[in-house]
Amino acid sequence: MSYQADTYLSSGSNVLKVLEYTCGGNIYGINILKVSRILNSVNGFRSLLNTHPCVRGAFNDHDNIVPLVDLSMFLGGKKTSMEDRFKVVVCEFFGALNGLLVDNVEAVHTLHWEKVISADEIFEHGQNPYVISIVQPTEEHMILLLDYETIILELSPQRSEERRVGKECRSRWSPYH
């Protein structure tokens, strides 16, 4: 781990680094610690059968098969063209790599936690269940932070079931039995 990452992760740093990207005409962000890399193209892309419609397929990235999620489609927008300019944000959730198909990557912002606003303060309950918070690098600029774990679980019912069963098993286990 680099010195910068150590500093970022140190307790009490009060800092959040957010990768800003555009998708379906909206501005979103993701914690930079979840991002493995950003790709301008995908190698060995293949469509997959029997998957959620928003999982456009999978590609090979450094000997890993990575599912490609069209975030715009998932969030109710149009299908992202893979013929035009696009980016893939490769990130890790639940120990597996996922590719997020987005329109463009804009910037990395370093923010203090005071700049993070709960989505509940802005949106009505249930208006957008995937937005968990909002960050404001400037007064005029807002970035929506999504609940990526929930999105991945919705796209992969098997992973969701494994997680539910794992929680049930852990909740039934007790060192006192």
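Refer to the preceding data block for the structure.
Residues numbered from 1 in each chain as written. Predicted model: local features only at pLDDT ≥ 70, side-chain atom pairs only at ≥ 80, totals over all residues. Heavy atoms only, no water.

Undergrad: Is there a simple way to think about the overall build of the protein chain in this case?
TA: Helix and strand content of the protein chain: 4 helices and 12 strands. For the protein chain, buried positions account for 39% of its 177 residues. Look at the contacts in the protein chain between residues 6 or more apart in sequence, and 51% of them connect residues 24 or more apart. Working note: accessible area of the protein chain is about 10,800 Å², and carbon and sulfur atoms make up 50% of it. (Helix = DSSP H or I, 4+ residues; strand = E, 2+ residues; numbered from the N terminus. Buried < 20%, exposed > 50% of the residue type's maximum accessible area, 1.4 Å probe, protein only. Contact = heavy atoms within 4.5 Å. Areas by Shrake-Rupley, 256 points an atom, 1.4 Å probe, with all protein chains shown as cover.)

Undergrad: Would you take a moment to explain the layout of surface pockets for this structure?
TA: Unoccupied space between atoms shows up once a probe the size of one water molecule is rolled over them. Of the voids in this model, the second largest pocket is the one considered here, and its volume is about 190 Å³. Taken together, 15 residues line the second largest pocket, and the ones lying closest to its centre are N31, I132, L145, L146 and Y148. For the lining of the second largest pocket, the elements supplying multiple residues, two or more each, are β1 (15-23), β2 (26-31), β11 (131-138), β12 (141-146) and α3 (148-155). If one sorts the elements of the lining of the second largest pocket by residue count, β2 sits on top with 3 residues. For the lining of the second largest pocket, the residue count by class is 10 nonpolar, 3 polar and 2 charged. (1 Å grid on protein atoms, 1.4 Å probe; cavity = no way out; pocket = protein on both sides within 12 Å on 5 of 7 lines; lining within 4 Å. Points joined across faces, edges and corners; volume = space filled by probe spheres on them. Nonpolar A, V, L, I, M, F, W, Y, C, P; charged D, E, K, R; others polar.)

Undergrad: Would you explain the sheet that holds strand β4 (residues 43-46) in this entry?
TA: Within a sheet, each strand pairs with its neighbour through backbone hydrogen bonds, oriented either parallel or antiparallel. Taken together, the 6 strands give an open sheet; going across it, the order is β3-β7-β8-β6-β5-β4, and neighbouring strands pair in mixed fashion. Single-partner strands in this sheet number two, and they are β3 (35-39) and β4. Each adjacent strand pair in this sheet contributes to an overall mean axis angle of 30°, direction not counted. Two strands pair when backbone bridges link them, and strand β7 (residues 87-93) and strand β8 (residues 96-102) are joined in this way by 7 bridges, in the antiparallel orientation. Note on β8: the bridge partner recorded for K87 is V102. In the packing of α3 onto the sheet, contacts are made with β5 (55-61), β6 (64-70), β7 and β8, and the angle to β7 comes to roughly 90°. (Pairing = 2+ DSSP bridges. Axes fitted to C-alpha atoms, helices over the stretch in contact; angles between N-to-C directions.)

Keep in mind these values describe shape, not function.
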